[in-house]
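An overview of the molecular structure
For reference, the chains in residue letters:
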Amino acid sequence: MNSSYKPKKIILTAGPSIGKKEIKYGLDAIENGWNENYADYLIKFENEFAKYIGVKYALSVTSGTAALHLAMLSLGIGPGDEVIMPDQTFISIANAIVWAGATPVFADIEMDTWCLDPESVKKAISKKTKAILPIYTYGQPPRMNEIRKIARDHGLFVVEDACPAVGSLYKGKRAGSLSDIAAFSFQGAKIMVTGEGGMLVTNNKKWYEKAASLRTHGRDPKKTFWHNDMGFMYRMSNLQAAIGLAQLENIDSFVKKKRQIFHWYKKRLEKVDGILLNDENDWSESNYWMCSIILMKKFKYSRDQLRAELLKRLIDTRPFFYPITMFDMYKNAKKVDTKNSYHTGLNGINLPSGINLTQDEVNYISNQVIDLLSA
Ligand SMILES: *Cc1c(COP(=O)(O)O)cnc(C)c1O
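Residues numbered from 1 in each chain as written. Predicted model: local features only at pLDDT ≥ 70, side-chain atom pairs only at ≥ 80, totals over all residues. Heavy atoms only, no water.

Considering the site of the ligand
Around the ligand, a shell composed of 15 residues is seen, among which Gly64, Thr65, Asp161, Ser185 and Lys190 lie nearest. Take Ser185: an N or O atom from its side chain is 2.7 Å from an oxygen atom of the ligand. Taking Lys190, its side chain carries an N or O atom lying 3.1 Å from an oxygen atom of the ligand. Applying the majority rule of atoms within 2 Å of the grid points places the ligand in the second largest pocket. Counting only elements with at least two residues in the shell around the ligand, the list comes to α3 (64–74) and α4 (91–99). Of the residues that constitute the shell around the ligand, the class distribution is 6 nonpolar, 7 polar and 2 charged. (Near = heavy atom within 4 Å. Polar contact = N/O pair within 3.5 Å; in protein donor to acceptor, adjacent residues only side chain to side chain. 1 Å grid on protein atoms, 1.4 Å probe; cavity = no way out; pocket = protein on both sides within 12 Å on 5 of 7 lines; lining within 4 Å. Sits in = over half its atoms within 2 Å of the grid points. Helix = DSSP H or I, 4+ residues; strand = E, 2+ residues; numbered from the N terminus. Nonpolar A, V, L, I, M, F, W, Y, C, P; charged D, E, K, R; others polar.)

Here you go:
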């Protein structure tokens, strides 16, 4: 470890690991993945992904958002229906619910997991509620058993937004295997990437087939160019699947590295007074997609000033997602009190968490954070 380490260029918040295998499979798909081989990597990627998560079906799509949209439609969620989701998350989830014709209802997160608070969900339930949509905030699993119990008691579906959580575990079970339908994302900042891309997973054949049909314009699987529904064009390409398959074959080492990065941060930052880290619980194992801190008291620098100061020291960061009900499109949405979503949304920072980060870089970043927060 070198304590005088100084970065030569900006340390980015995210970044994938691309190796020889991705290039090999990618080139093979370019050369050979056409005509009768047009779906070879897609089929392999879907099969291996289902096996890895521990579910029966996996359907590759263009994005995590597309997977969430298809999840809503496959479950028959539409006009007049409400879906409960956290206010603290990416806007795409709310949009996917609205695209399906349904209404998002915003509940709060816990300060412990930074995920959907089961008590808040109970307050948000109405006669119109059809589903609960918990989200794996930066990789950390939500309290799935508590959420599933509420769903059982009220006859609701559970859709997991496991978009950033490939490899996270809830009580030993993989993220994405704990609900009716789950969504994953392989967007370029995620733990495994295909450029853009996503996956819908489920154990239910009927929902899988419905999603598969809607993915390609609602087509009939048995009759060429016959359409039973008005669907979408949400197919992933074989080229992307080639990269995805290579990434999946390396996922264990990616998760291990991300966990290592978090523990490097934790060792340095856990003693800093007034900040919260996204440490896992004894019932969860996070893939630590993003290592993050939340400012819990007043420091000399506000969140945004701290980010600006870090940038001067060549450290790129991201703010947390602003609470969705802050946006014009959702400011009149139905919600319960979401004060934790507001506190985290305005005081949270994602620190650099890319897979190729080194311990020297993490120590450098930690030192700068400590320096600025003790000013
Ligand atoms: C990345 C992400 C999404 C969106 O995924 P896309 O592939 O960009 O559509 C949705 N939800 C969460 C929690 C995410 O982290």
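From this point, the discussion proceeds with the structure in view.
Comments concerning unusual backbone geometry
Positive phi values are uncommon outside glycine, yet Tyr138 reaches one of about 55°. Of note, the phi angle at Tyr288 is positive, near 45°, even though the residue is not glycine.

Re the sheet that holds strand β8 (residues 181–185)
Taken together, 7 strands build an open sheet; the order of strands is β1-β9-β8-β5-β4-β2-β3 and the sheet is mixed. Two strands close off the open sheet at either side, each with one partner strand: β1 (57–61) and β3 (103–107). Across the sheet, the mean angle from the axis of one strand to that of its neighbour is 25°, orientation sign disregarded. Bridge count for β8 against strand β9 (residues 198–202) is 5 bridges, and the pairing is antiparallel. Bridged to Ala183 within β9 is Leu200. Of the strands in this sheet, β1, β8 and β9 are in contact with helix α2 (residues 40–53), which crosses β1 at around 130°. (Pairing = 2+ DSSP bridges. Axes fitted to C-alpha atoms, helices over the stretch in contact; angles between N-to-C directions. Contact = heavy atoms within 4.5 Å.)

Brief notes about the environment of Pro134
Residue placement: Pro134 occurs in the loop between β4 (129–132) and α6 (144–154). For the pair formed by Pro134 and Val159, sequence separation is 25 residues and the distance between their alpha carbons is 6.9 Å. Apart from residues lying up to four places away in sequence, Pro134 is in contact with Leu116, Pro142, Met144, Ile147, Val158, Val159, Glu160 and Asp161.

A short note on the packing of aromatic side chains
Under the counting rule described, the total for this entry stands at 17 aromatic pairs. Between Phe45 and Phe49, the aromatic rings sit 6.1 Å apart at their centres with planes inclined by 70°, giving edge-to-face as the arrangement. One end of the pair is Phe45 and the other is Phe49, both in helix α2 and 4 residues apart, which spans about a single turn. Here Phe49 falls in the buried class, since its relative accessible area comes to 0%. Both rings, one in Phe49 and one in Phe186, keep their centres 5.5 Å apart while their planes meet at 80°; by these two values the pair is edge-to-face. A residue pair is termed long-range when its members are at least 10 positions apart, and Phe49 in helix α2 and Phe186 in the loop between β8 and β9 qualify at 137 residues. (Phe/Tyr/Trp six-rings, centres within 6.5 Å; stacked < 30°, edge-to-face > 60°. Buried < 20%, exposed > 50% of the residue type's maximum accessible area, 1.4 Å probe, protein only.)

Notes on the packing of helix α1 (residues 20–32) against helix α8 (residues 238–249)
Here α1 crosses α8 at 155°, and the two axes come no closer than 8 Å. What the angle tells us is that α1 and α8 run roughly antiparallel. Of the two elements, α1 crosses α8, and the hand of that crossing is right-handed. Residues Lys21, Glu22, Tyr25, Gly26, Ala29 and Ile30 of α1 form the contact with α8, whose participating residues are Asn238, Leu239, Ala242, Ile243, Leu245, Ala246, Gln247 and Glu249. Partitioned by chemical class, the residues of the contact of α1 with α8 number 8 nonpolar, 3 polar and 3 charged. (Parallel < 35°, antiparallel > 145°, perpendicular 65-115°, else oblique. Left-handed = near helix turned anticlockwise from the far one by under 90°.)

Some points on the domain arrangement of the protein chain
The domains assigned to the protein chain are domain 1 (20–249) and domain 2 (251–373). Relative placement of domain 1 and domain 2: their C-alpha centres are 25 Å apart. Counting residues at the interface gives 49 residues for domain 1 and 47 residues for domain 2. For the pair domain 1 and domain 2, the summed buried surface comes to about 3,800 Å²; carbon and sulfur atoms form 60% of the total. Looking at the side of domain 1 facing domain 2, the largest losses of area belong to Trp114, Tyr138 and Ile191, adding up to 22% of the total buried there. On inspection of domain 1 and its partner domain 2, the count reaches 1 salt bridge. Among the salt bridges present, the one from Lys334 reaches Glu82, with a minimum N-O distance of 2.8 Å. Taken together, the links from domain 1 to domain 2 amount to 26 residue pairs in polar contact (both at pLDDT 80 or more). (Domains from an automatic or database assignment. Buried area = accessible area lost by both parts, 1.4 Å probe. Salt bridge = Lys/Arg side-chain N within 4 Å of Asp/Glu carboxyl O.)

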